[in-house]
Amino acid sequence: MLNNIAKFLLASTSLSPVLGAVAVDQFANNKSWTSWVALLGIAIFLVFLCWMMLQYASSNIQKDLFIIKEFERKDTETLAFMLAYLLPLISADNIALTSEWLLGVYTFAIIFLIIVHAGAFHFNPVMGLLGYHFYSVKNKEGMSHLLISKEELRRPGNEIQVVQLAHNINLHVGGTDA
C-alpha cells in the first residue's frame, strides 16, 4: 500500500489542469516564456508521476480479491469541482503565479488540502483522460471504498482483483466481468 504517496499524487495530479490553465493564460497574455514553461512542465510532470504510480501499483503491490456488493459512479460530479478549479482563474491577473506567487501557492495549497481532507480523489480530470473511472463501492462487509478502474462497472456481485493504494482507495487490476 502506498498510502500517503498515492493520496499526494492523486490530489496533486488533479490540480495539474489548473497549472496548465495558468500557463496558457500567461502565454495568451504574451508573458515571457519563463513565466509559463515551468508551470506547464510541472503540470505534465505531475501527470507522468501519477501514471507511473498507477503502473507501479498494478504490477508490484499485492493483489486482493474484492467482492462488489454495491457501487455508484463518482466521476460524474464534475461541475462542483470545476467551479473550484476555475476560482483561481477568475482573477488570473491577481493570481498569476509569476507575479503573486505567494497567493498562487496559497490557493493551490487550500484546494489541495480540501481534496485530501474530503477524500475527493474521485474528481480528477487527468485520470479521466487516462481512461480511469471512479466508483464508490461497498464490499461484502458493507465497508465503503473508492475504486479506480479502467473498466466500467455494470452490476454488483462481481469479484475483482484490486491493489490497495491507500486506506479505502483501491485500483482495479483485473478480475471477472465488471
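Everything discussed here concerns the structure shown above.
As a starting point, this report considers the structure included with it. (Residues numbered from 1 in each chain as written. Predicted model: local features only at pLDDT ≥ 70, side-chain atom pairs only at ≥ 80, totals over all residues. Heavy atoms only, no water.)

1. A closer look at the overall build of the protein chain
Moving on, step 1. When helices and strands are tallied, the protein chain shows six helices and six strands.
Moving on, step 2. Scanning the protein chain from its N terminus toward the C terminus, one meets helices and strands in the order α-α-β-β-α-α-α-α-β-β-β-β.
Moving on, step 3. The 178 residues of the protein chain split such that 42% are buried.
Moving on, step 4. Taking as baseline every contact in the protein chain between residues at least 6 positions apart, the subset at least 24 positions apart corresponds to 64%.
Moving on, step 5. When the accessible surface of the protein chain is summed, it comes to about 9700 Å², and 63% of that surface belongs to carbon and sulfur atoms. (Helix = DSSP H or I, 4+ residues; strand = E, 2+ residues; numbered from the N terminus. Buried < 20%, exposed > 50% of the residue type's maximum accessible area, 1.4 Å probe, protein only. Contact = heavy atoms within 4.5 Å. Areas by Shrake-Rupley, 256 points an atom, 1.4 Å probe, with all protein chains shown as cover.)

2. Some points on helix H2 (residues 33-60)
Think of an α-helix as 3.6 residues a turn; residues three or four steps apart then line up on the same face.
Moving on, step 1. An ideal rise of 1.5 Å per residue puts 40 Å on 28 residues; H2 measures up with 39 Å between its terminal C-alpha atoms.
Moving on, step 2. Of all the residues in H2, the buried ones are Ser35, Trp36, Leu39, Ala43, Leu46, Cys50, Met53, Leu54 and Ala57. (Expected span 1.5 Å × (residues − 1).)

3. Structural notes on helix H1 (residues 4-28)
Moving on, step 1. Relative to the 36 Å expected for 25 residues at 1.5 Å per residue, H1 spans 36 Å between its end C-alpha atoms, a close match to the ideal helical length.
Moving on, step 2. Of all bends in H1, the biggest is about 30°, found at Leu15, and the proline Pro17 comes one to four residues later.
Moving on, step 3. Just downstream of H1 lies Asn30, where phi reads positive at about 55°. (Bend = angle between axes of the 7 residues up to and from the residue.)

4. A short note on the packing of H1 against H2
Moving on, step 1. Running from N to C, H1 and H2 point in directions that differ by 155°, and their axes come no closer than 8 Å. Comparing their axes, H2 and H1 come out roughly antiparallel. H2 is crossed by H1, and the crossing has left-handed handedness. Of the residues in H2, those touching H1 at Ala6, Leu9, Leu10, Ser12, Thr13, Ser16, Leu19, Gly20, Val22, Ala23, Gln26 and Phe27 are Ser35, Trp36, Leu39, Leu40, Ile42, Ala43, Leu46, Val47, Leu49, Cys50 and Met53.
Moving on, step 2. Broken down by class, the residue content of the contact of H1 with H2 amounts to 17 nonpolar, six polar and no charged. (Axes fitted to C-alpha atoms, helices over the stretch in contact; angles between N-to-C directions. Parallel < 35°, antiparallel > 145°, perpendicular 65-115°, else oblique. Left-handed = near helix turned anticlockwise from the far one by under 90°. Nonpolar A, V, L, I, M, F, W, Y, C, P; charged D, E, K, R; others polar.)

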